[in-house]
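Letter by letter, the chains look like this.
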Amino acid sequence: MSTTTAGGRAVEGGRTGRTVAIWGAGAVLLLAMPLFFGSPVAITIMNQMGISIVFALSYNMLLGQGGMLSFGHAAYFGLGGFFAVHIMNYVEFEEWFIPLPILPFFGGLFGLAFAIAIGAFSTRRAGTVFAMISLGVGELIAACSIIFVVFFGGEEGVSGDRTMGPPVLGYEFISEMEVYYLTAFIVFLTTAFMYLFSRTPAGRMANAVRDNPERAEFVGYSQRYVRFISFCASGFFAGVAGGLFAINYEILTEENLNLVTSGSVLLMAYIGGVGYFIGPIIGAILLTVLQTILSNHTEIWQLYVGILFVLTVMYAPRGLTGLLMMHGPALREGRLSFLLVPYLKALGPLAAFLLGAIALMEMGHAANVTIVGEVHAHFLGLEVDTTDPLAWIVAVALTVGGAFGLIRLAPALKEAWEHANDFSDGAGS
Amino acid sequence: MRTFRQAAIGAAVGLAVSASAGIASAADPIRIAFIDPLSGPFATTGESGLRTFEYAVDALVNEKGGVLGGRNFEIVPLDNKISPKESLIQLKRAISDGIQFIAQGNSSGVANALTDAIKKHNRRNPDQRVIFLNYSAVDPALTNDKCNFWHFRFDANADIKMDALTDVMAADQNMKKVYLIGQDYSFGKAVAAAAVKYLSAKRPDIEIVGNELHPIGKVKDFTPYATKIKASGADAIITGNWGADMVGLGKAVIESGMSSPIYTYYAAHDGITATFGAQGKDIIRLVMEGELNPPTPEFKALRDGFKAKYPNNDINQSRIFNVVGMLAKAIEKAGSTDPVKVAYALEGMEHDSIMGGKIKMRASDHQAIQDLLITVHTDEGIAIDADNSGFGLATESKVKMAGMDSPTTCKMKRP
Amino acid sequence: MLELVIFSLLNGLVTGLLLFMLSSGLTLIFSMMGVLNFAHASFYMLGAYFAYSISQYMGFWTGLIVAPILVGLCGAVVERYGLRIVHRWGHVAELIFTFGLAFLIEEIVQFFWGKATKDYHEPELLSFPLFTLFGQNFPAYKAFMILVSVAIFIGLFMILTRTRIGLIIQAAITHPNTVANLGHNVPLVFMGVFGVGSALAGLAGVIAGPALGTFPGMAFVLGSIVFVVIVVGGLGSLPGALVASLLIGWLQTFAIALDWSVNDLLAIFGVTFDADHLLRDLWTLSLPQVAPILPYLLLILILIFRPTGLMGTRET
């Protein structure tokens, strides 16, 4: 199982330089994003992405790096967020001096405290028992949020005001742009910390325990202790993400704690790819885009997300990042060009298949939930009459034709793939 | 049209670099962002509100030549999935698109989040202010402790409704025991508190034999509650339940063999009337505004037009016509769409409702004062039925300008 | 009080037996394949929706027979073309797959049937009060639900203990490799068990749909409770599932029926608190309020102190 930590000591020196370059590029990208996407909505969406990135990365400390499947990770996220909002309100009314940028870390501390309490018993075992306990704890906390109104505010949640605190370097964090830079800064910082954690002995042992707990014990590590450490770190960073949420939205509600949120972070991490450090980042960005933008274009966006998720689990267990990384060896050997032509050939049928399938689903949806006098389905900027049999014939033809074309091209693709990854004839590694 | 318009908005706003609203010309429509659930478990309620809004702006404004010399109203639907977080994202989307009027109604939780966010936004961005037209969220706090200049409520709040409801109950001398049950959140609690307050003031001899909250939207089976209610020997039930919680509770109570009246806020339309059918006849009672049976001729005509367009929907939130009518009037009076001027024009406005009767937007807390009705679920004398079931709501009694002198703790800060 | 107790016993029995119909299939699937099927409650939902659509044209009774069969076929297809592929990636991937499937099935149901609650009724034949006690009705349909569940339990028990196929299944649970070596087609048995388990869930949906409502969220509300049942009862144990189902059923109904609160408890010891106390939510907690969290509390306690469950013999 290759992960972020794959790669031996021999290439460490060369890799350090590259790692620094990648992180530098990341920082520049974070700084420059508002220049390209400056509209208020875009800033809002990017802030949401930042929160999701930290949350998904913290989740991956469990699933990807520690092999612990959790169905209740939202509890740590939400509790951290609630705690942060309460502090925000205290700052407002009691005049404490807590500058806003460090507020998320208070959320993190609360997440950490809760993780220590829960992890004390839940990390005894991995696998199904851990998953079940996490589900139970998650549901318990979500149900408690309605009962303990003083802390959770009941159904309407707890709101705060981020601008009431002391100004930091002259900034009061009134505008979204200021919040963006604050979020970006914390995202960068926590991502770096989480990356460094995966490089520490504790992080490396988490991988070992995930892959083979018995052998890890032989080396002298208690598997339970190793899992506990990862679990606590994960709880901390989930709490930080919750604190960021509190700053961005200034409100925390029951939905930040419930199974839907826990499920969506699983989706993010898994679709992105749990085997890679960058996987959850990609997943978080993709799912945020789907959630905020796709949902304004189609009513059945969740159906698309569901299909994408199930297909990923079935055919790409390493996620989208895994699909990209598959091309790594061929790229390094300069043999990627062998794949270019077959990929381009497949592009046509693939586009036809996707267009046809989307058309069928959108038209089916429009025909199913009819408003009288409204016979049009709208998708991809098109307007199609759902009563017109020709439209259905075209859609079916596109789908079937595209699928047929893909099946026809499959052997050629496979051959090209093998050729591109066959290093026996070249200079090779 | 909805999806297409959303696509257009999305394309314009999306991730594009700039999305400034530009300068309004005479032909530009005046847009109202409709932020309510259009997907998920409460989508039916949201959709029916949206259709009523779209129909109301066409019938009351656009077909009459628009306002300010020809500017039409346009409804921009934005799905909030009934989540406060999504609502805030959609609010930002609407604001950055230059929309100045926000309409929302489903869930007081969302309304509390929105009014708070709008208050903050208007304070932080004085050049981009917006007005919040709350057409349905009835948590009293919205026009009391949490009131602000930008929020206007067009429905009677839970307190005022309970006042009217308990008037009727108090008149019934046979009533000795009352059971209160509701959803465990701000609105359910407000209903219970109001019921206790008014019942003990008006009829101290009535015993409240149960005062209970259940988790909202999570109860699979209401039979245990029905058993408990039945065992308490209650002569009447009061509940603020809505949606699936109303159906479940009502069904379980009726099936257990109770025939005492159930006083409700929202036990009609969107499939609920059809579900109760003959079982609920003369048992279910509603406190509501906007008389359906008998209807005014104007409303009957409007409703027939609506039915022709959407045969499977009802106009179940007739106050939406008041929202649209009063907003149009306020914009004409202000002479512009400037939110501050429009808000001042709305304050204290008196308006003739097409449902009959007057409606007054009280200036002190922005709570609309209007006639309230106690109606009964029946199939006799029904001109306008619900869910095409033949059953509907017939008026039993009417309270003129209900809650006219109701107190408020609102301390309005005006710009 | 007697009235309350009797009806709570009956209501709890109905809920418990319904839970058993779901958990029996789930626990069978788990003990054979080691997969905790997150989508199990989704098959329950599919059962209700299929039966609703069939009942529109052919009446309730046709739906009662046909819908579970259709759901069983769906289950078999999912096992053959979904789970078997994912099986290669391990148990965690299987769990994630069924989680995704649950999500997807809910979306598919909304795609075909829309979001509104469906008007799925019990048959006319059964919509009368069976008996009236203390002025309170007990609907005949509830008695029918009890009858069907009990029949299922007896039938399942007979098949597992008295028939050849039952013996193979029992053997495959404990020694899959030996069974395969004896020449039995284990993958086929797996597919069959998955299909039958799903069909049982579907049947539960068919009879629960009219009583509890047929809407897209119906799987979600029940899904995690079913997990609680099989973990509490002991993974892989059929009698354990029955005991746990009834336990949870009664736990929930009695928690609602009894208005006890922490305040009452403390008052016995003469302790009182003022209403503005910071921890006031704790003192005013009443049993009906905590009813929804009791199953999860039980789950966590069982997992900590008795990971094999009440009657189980294995941990995971």
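Please read all numbers here as calculations on a predicted model, not as lab measurements.

Overview of the overall build of chain A
For step 1, the next point in the chain: Each helix and strand counted, chain A has 17 helices and four strands in total.
For step 2, the next point in the chain: Here the C-alpha atoms of chain A give a radius of gyration of 24 Å, agreeing with the 22 Å that 2.2 N^0.38 yields for 429 residues.
For step 3, the next point in the chain: Within chain A, the fraction of its 429 residues that count as buried is 48%.
For step 4, the next point in the chain: Long-range pairs, those at least 24 residues apart, make up 78% of the contacts in chain A between residues at least 6 apart in sequence.

Description of the overall build of chain B
For step 1, the next point in the chain: Across its full length, chain B carries 12 helices and 15 strands.
For step 2, the next point in the chain: The C-alpha radius of gyration computed for chain B amounts to 21 Å, which stays within 12% of the reference 22 Å derived for 415 residues, consistent with globular compactness.
For step 3, the next point in the chain: Taking the principal axes of its C-alpha atoms as reference, chain B extends roughly 65 × 45 × 40 Å.
For step 4, the next point in the chain: Within chain B, buried positions represent 61% of all 415 residues.
For step 5, the next point in the chain: Excluding contacts between residues fewer than 6 apart, the proportion of contacts in chain B whose partners are at least 24 apart in sequence is 72%.

As for the pairing of strand S6 (residues 177-183) of chain B
Residues and elements named next belong to chain B.
For step 1, the next point in the chain: Taking burial as the measure, the seven residues of S6 include six buried ones, the bulk of the element.
For step 2, the next point in the chain: As paired strands, S6 and strand S7 (residues 207-214) are joined by seven bridges and run parallel to one another. Note that in S7 the partner of Lys 177 across the bridge is Glu 207.
For step 3, the next point in the chain: Read as a crossover between parallel neighbours, the route from S6 over helix H6 (residues 186-202) to S7 is right-handed.

So, the interface of chain B and chain C
For step 1, the next point in the chain: Between chain B and chain C, the contact holds 24 residues from the first and 28 residues from the second.
For step 2, the next point in the chain: Looking at the side of chain B that touches chain C, the elements with two or more residues in it are helix H2 (43-60), helix H7 (223-232), helix H8 (244-255) and helix H9 (272-276) of chain B.
For step 3, the next point in the chain: With seven residues, H7 of chain B is the largest single contributor of residues to the side of chain B that touches chain C.

Description of unusual backbone geometry
Residues and elements named next belong to chain B.
For step 1, the next point in the chain: Cis peptide bonds are those with omega within 30 degrees of zero, and the linkage from Asn 293 to Pro 294 qualifies with 0°.
For step 2, the next point in the chain: Of note, Pro 294 is situated in the loop between strand S10 (284-288) and helix H10 (297-309).
For step 3, the next point in the chain: The phi angle at Leu 68 is positive, at roughly 50°, despite the residue not being glycine.
For step 4, the next point in the chain: Here Leu 68 falls in the partly exposed class, since 16 other C-beta atoms lie within 10 Å of it.

Focus on the packing of H7 of chain B against H8 of chain B
Residue and element names in this part refer to chain B.
For step 1, the next point in the chain: Between H7 and H8, the least distance of the axes is 8 Å, while the angle of their chain directions is 50°. By the angle class used here, H7 and H8 are oblique. Between H7 and H8 lies a crossing whose hand is right-handed. Along its contact with H7, which presents Thr 223, Tyr 225, Ala 226 and Ile 229, the element H8 presents Leu 249, Ala 252 and Val 253.

Structural notes on the environment of Ile 152 of chain C
Residue and element names in this part refer to chain C.
For step 1, the next point in the chain: With respect to the secondary-structure elements, Ile 152 resides in helix H4 (residues 140-162).
For step 2, the next point in the chain: When the C-alpha atoms of Ile 152 and Leu 200 are compared, they prove to be 8.5 Å apart, with 48 residues separating the residues in sequence.
For step 3, the next point in the chain: When near neighbours in sequence (up to four residues on either side) are disregarded, Ile 152 contacts Met 21 and Leu 200.

Some details on the sheet that holds strand S12 (residues 358-361) of chain B
All names here are of chain B.
For step 1, the next point in the chain: Read from one edge of the open sheet, three strands run S11-S12-S13, paired in antiparallel fashion. Edge positions in the open sheet fall to strand S11 (350-352) and strand S13 (368-370), since each of these has one partner strand only. Strand-to-strand twist in this sheet, taken as the mean axis angle between neighbours without regard to direction, amounts to 25°.
For step 2, the next point in the chain: Helix-sheet contacts for helix H11 (residues 319-334) involve S11 and S12, and the interaxial angle to S11 is about 125°.

Here we look at the sheet that holds strand S14 (residues 372-378) of chain B
One key point about sheets: their strands pair by backbone hydrogen bonds, in either a parallel or an antiparallel sense.
Residues and elements named next belong to chain B.
For step 1, the next point in the chain: Read from one edge of the open sheet, seven strands run S7-S6-S8-S9-S10-S14-S15, paired in mixed fashion. Looking along the sheet, the strands with just one partner apiece sit at the ends: S7 and strand S15 (392-399). With strand direction ignored, the average angle separating the axes of adjacent strands in the sheet is 25°.
For step 2, the next point in the chain: Bridge count between S6 and strand S8 (residues 236-239): four bridges; the pairing is parallel. Bridge pairing in S8 links Tyr 179 to Ile 237.
For step 3, the next point in the chain: Here helix H5 (residues 158-171) sits on the sheet in contact with S8, strand S9 (262-264), S10, S14 and S15, set at roughly 60° to S14.
For step 4, the next point in the chain: H7 rests against S6, S7 and S8 of the sheet, and its axis sits at about 170° to S7.

Quick notes on the environment of Ala 403 of chain A
For step 1, the next point in the chain: Tracing the chain through its elements places Ala 403 of chain A in helix H17 (residues 389-420).
For step 2, the next point in the chain: With 203 residues separating them in the primary sequence, Ala 403 of chain A and Thr 200 of chain A have C-alpha atoms 47 Å apart.

Overview of the interface of chain A and chain C
For step 1, the next point in the chain: Across the contact, 35 residues belong to chain A and 40 residues belong to chain C.
For step 2, the next point in the chain: The dominant element in the side of chain A that touches chain C, judged by the number of residues it contributes, is helix H5 (residues 127-147) of chain A, at 14 residues.
For step 3, the next point in the chain: Looking at side-chain class alone, the side of chain A that touches chain C contains 26 nonpolar, eight polar and one charged residues.

Topic: the nonpolar core
For step 1, the next point in the chain: One finds Ala 33, Ile 102 and Val 324 of chain B to be the most contacted residues of the largest nonpolar core, which totals 328 residues.
For step 2, the next point in the chain: Top element by residues in this core is helix H2 (residues 40-86) of chain C. It accounts for 17 residues.
For step 3, the next point in the chain: Setting aside chain neighbours within four positions, we find Ile 102 of chain B in contact with Ala 33, Ile 35, Leu 91, Ala 94, Ile 118, Val 130, Ile 131, Phe 132 and Leu 133 of chain B.
For step 4, the next point in the chain: Judged by nonpolar contacts, the second largest core, of nine residues, contains Met 363, Phe 379, Ala 395 and Leu 398 of chain A.

Thoughts on the environment of Thr 386 of chain A
Residue and element names in this part refer to chain A.
For step 1, the next point in the chain: Looking at the element boundaries, Thr 386 is found in the loop between strand S4 (382-385) and H17.
For step 2, the next point in the chain: With 18 C-beta atoms counted inside 10 Å, the residue Thr 386 sits in the partly exposed group.
For step 3, the next point in the chain: The sequence separation of Thr 386 and Leu 360 amounts to 26 residues, and the corresponding C-alpha distance is 9.9 Å.

Overview of the confidence of the model for chain B
Residue and element names in this part refer to chain B.
For step 1, the next point in the chain: Here chain B shows a mean pLDDT of 85. Residues at 70 or above account for 93%.
For step 2, the next point in the chain: Of the regions scoring below 50 in pLDDT, residues 1-24 engages in 39 contacts with residues more than four places distant in sequence or in other chains.
For step 3, the next point in the chain: With a pTM of 0.85, the predicted complex shows an ipTM of 0.84.

Side note on the confidence of the model for chain A
For step 1, the next point in the chain: Predicted confidence across chain A gives a mean pLDDT of 84, with 92% of residues reaching 70 or more.
For step 2, the next point in the chain: Confidence drops under a pLDDT of 50 for residues 1-11 of chain A, and excluding neighbours within four residues, the segment shows 10 contacts in the predicted structure.

Notes on helix H12 (residues 279-292) of chain A
For step 1, the next point in the chain: Taking 1.5 Å per residue as the helical rise, H12 of chain A with its 14 residues ought to reach 20 Å, and the 20 Å between its terminal C-alpha atoms agrees with that figure.
For step 2, the next point in the chain: With 10 of 14 residues buried, H12 of chain A lies mostly within the body of the structure.
For step 3, the next point in the chain: Residues of H12 of chain A that are buried include every one of Gly 279, Pro 280, Ile 281, Ile 282, Gly 283, Ala 284, Leu 287, Thr 288, Gln 291 and Thr 292 of chain A, and no others.
For step 4, the next point in the chain: As for H12 of chain A, its buried residues are in contact with helix H2 (40-66), helix H11 (259-272) and helix H14 (319-325) of chain A together with helix H3 (84-96) of chain B.

Comments concerning the packing of H4 of chain C against helix H7 (residues 186-212) of chain C
Residue and element names in this part refer to chain C.
For step 1, the next point in the chain: Interhelical geometry of H4 versus H7 gives an angle of 170° and a closest axis separation of 10 Å. Between H4 and H7, the angle falls in the class roughly antiparallel. Only Leu 200, Ile 207, Pro 210 and Ala 211 of H7 make contact with H4, whose side of the interface consists of Tyr 141, Met 145, Val 148 and Ile 152.

Conventions and cut-offs
- Residues numbered from 1 in each chain as written.
- Chains lettered and ligands numbered in written order.
- Predicted model: local features only at pLDDT ≥ 70, side-chain atom pairs only at ≥ 80, totals over all residues.
- Helix = DSSP H or I, 4+ residues; strand = E, 2+ residues; numbered from the N terminus.
- Rg over C-alpha atoms; globule rule 2.2 N^0.38 Å.
- Buried ≥ 20, exposed ≤ 12 C-beta atoms within 10 Å, placed from the backbone.
- Contact = placed C-beta atoms within 7 Å.
- Pairing = 2+ DSSP bridges.
- Right-handed = clockwise from strand over helix to strand, strands pointing away.
- Axes fitted to C-alpha atoms, helices over the stretch in contact; angles between N-to-C directions.
- Parallel < 35°, antiparallel > 145°, perpendicular 65-115°, else oblique.
- Left-handed = near helix turned anticlockwise from the far one by under 90°.
- Nonpolar A, V, L, I, M, F, W, Y, C, P; charged D, E, K, R; others polar.
- Core = buried A, V, L, I, M, F, W, Y, C linked by C-beta atoms within 7 Å.
- pLDDT = per-residue confidence, 0-100.
- Expected span 1.5 Å × (residues − 1).

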